[in-house]
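# Secondary and tertiary structure notes
Each chain, written out:
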Amino acid sequence: MTLKKMTVSVLALLVGFCMTPNANADYHSMNANFEYIVVSAGLNPSNQEDRNLIQSALEKTAEESGESYEAIVERVAYESQNAKPDQEMLAGGNVQAYHVALRAPRYVGDVFYSSNSTFGIQHGHTGIYDSSFSYVEATSPHIRRVNAYWAEAPAPAFKYYVGWDRQSPNKYKAANFAAAQVGKGYNWFFWNNKTIYASTYNCSQLVWAAYKQTDPKVDLDSNGGAGVYPLDIKNSSWLHEYQRIG
């Protein structure tokens, strides 16, 4: 081998040695982030159809925003991580070990938060009462009305009134808006869900939209990010906890 060829070979080897670990690390990091996003949506990362669904939606978000696909994956995973409830909040409850009935609200228009998880990842769930005995929630495959005395949710669960400690026309308006969406499909794309009048909703989007359409000033998204998550609803300054169950 000539000196020139040997030099080129050594340089190629060094470049490969220096670059491959970082490239592998970046790949594994992005793959881990992607799988976390799939699970956060309540889907199965081992199911190729579920993976394709989320990948297509992330690609569409990247195209619409002008960001790279990699940047979108990183951002959405980061936002999802921050939307996990901390253990202090859940302290005293054996999460997912048992379920509880939410029962009656204090007022029509009240909101609940329950400790739902998928594949061990806590992401929470929220819904809104449309009567003294039922609530509306967005869950796969569609939005539904639930009897609050018969159905059960993962403990601990929390109930809140919105705004002031009294019934109001806006609370009825929010409840009626949510009830009018019953039967619509579920929106898997939680990271870009702040649309009020939509053809599909996820749980936090439905609750956020129900109140946002009553008055633009009533924004239940506590951090103002691109997506509204269940924990964003729970942490909203508009919400006032009056009962913990479990």
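Heads up: the structure comes first, above all this text.
In this report, we go over the structure that sits alongside the text. Each chain carries its own residue numbering, running from 1 in the written order of its sequence. Reporting in this predicted model follows two pLDDT cut-offs: at least 70 for local features of residues, and 80 or more for side-chain atom pairs to be given and counted; totals over whole chains, interfaces and linings ignore these cut-offs and use all residues. Note: side-chain values were computed over all heavy atoms of the structure, leaving out hydrogens and water.

A word on helix α2 (residues 48-65). Here a helix means four or more residues in a row that DSSP labels H or I, a strand means two or more in a row labelled E, and each is numbered from the N terminus. One fewer than the residue count of a helix, multiplied by 1.5 Å, yields its expected span. Taking 1.5 Å of rise per residue, 18 residues should cover 26 Å, and α2 covers 25 Å from first to last C-alpha, within 8% of that figure. The rule is simple: take the accessible area with a 1.4 Å probe, protein chains only, and divide by the maximum for that residue type; under 20% is buried, over 50% is exposed, in between is partly exposed. Listed in full, the buried residues belonging to α2 are Asp-50, Arg-51, Ile-54, Ala-57, Leu-58, Thr-61 and Ala-62. Along α2, the residues classed as buried sweep out an arc of 140° about the axis, all on the same side. In α2, the exposed positions angled more than 90 degrees off the buried face are occupied by Glu-49, Lys-60, Glu-63 and Glu-64. Counting of polar contacts relies on pairs of N or O atoms within 3.5 Å, with two restrictions inside protein: one atom must be capable of donating a hydrogen and the other of accepting it, and residues adjacent in sequence are counted only when both atoms are side-chain atoms. One side-chain oxygen at the N-terminal end of α2 lies 2.9 Å from the backbone nitrogen of Glu-49; it belongs to Asn-47. Gly-66 sits one or two positions beyond α2 and adopts a positive phi of about 85°. What the arc measures is the spread of directions leading from the helix axis to the C-beta atoms.

Below, the discussion takes up the pairing of strand β6 (residues 134-139). Most of β6 sits inside the fold, with five of its six residues counted as buried. Relative to β6, strand β5 (residues 125-129) runs antiparallel, the two sharing two bridges. Counted as the bridge partner of Ile-128 is Val-136 from β6. Pairing of β6 with strand β7 (residues 142-147) involves six bridges; the strand directions are antiparallel. Its bridge partner lying in β7, Thr-139 is registered against His-142. Two strands are said to pair when DSSP picks up at least two bridges between them. Connecting β6 to the antiparallel partner β7 that follows it, the hairpin turn spans two residues.

Right, let's talk about the side chain of Arg-51 for a bit. In this structure, Arg-51 sits in helix α2. Of note is the side chain of Arg-51, whose polar atom sits 3.5 Å from the side chain of Asn-31. Every residue pair with non-hydrogen atoms within 4.5 Å of one another is taken to be in contact. If near-sequence neighbours (up to four positions away) are discounted, Arg-51 is found in contact with Asn-31, Phe-34, Glu-35 and Pro-45.

With that settled, consider the nonpolar core. We call a set of buried residues a nonpolar core when its members are Ala, Val, Leu, Ile, Met, Phe, Trp, Tyr or Cys and they connect through side-chain atoms within 4.5 Å of each other. Counting residues in hydrophobic clusters, the biggest one holds 48 residues, and the most contacted among them are Ile-37, Ile-54, Leu-58, Trp-191 and Leu-220. The element contributing the most residues to this core is helix α6 (residues 203-212), with six residues. When sequence neighbours within four positions are dropped, the list of residues in contact with Leu-58 reads Phe-34, Ile-37, Tyr-69, Ile-72, Val-73, Val-76 and Trp-191. Among the nonpolar cores identified, the runner-up in size contains 11 residues, and Val-100, Leu-102, Ala-153 and Ala-157 belong to it.

We now examine the packing of α2 against helix α3 (residues 69-82). Convention adopted: a line fitted to C-alpha atoms gives each axis, helices being fitted over their contacting stretch, and angles between N-to-C directions are expressed from 0 to 180 degrees. It is the contact of α2 with α3, at a shortest axis distance of 9 Å, that shows an interaxial angle of 110°. In terms of their interaxial angle, α2 and α3 are classed as roughly perpendicular. Like other packed secondary-structure pairs, α2 and α3 cross with a definite hand, here right-handed. Within the contact between the two elements, α2 uses Gln-55, Leu-58, Glu-59, Thr-61, Ala-62 and Ser-65 and α3 uses Tyr-69, Ile-72, Val-73, Arg-75 and Val-76. Under this grouping Gly is polar, as are all residues other than the nonpolar Ala, Val, Leu, Ile, Met, Phe, Trp, Tyr, Cys and Pro and the charged Asp, Glu, Lys and Arg. Across the contact of α2 with α3, the residue classes break down as six nonpolar, three polar and two charged. Orientation categories follow fixed angle ranges, with anything under 35 degrees roughly parallel, anything over 145 roughly antiparallel, 65 to 115 roughly perpendicular, and all other angles oblique. Definitions for this section: a left-handed crossing has its near helix turned counterclockwise from the far helix by less than a right angle. A right-handed crossing has that turn clockwise.

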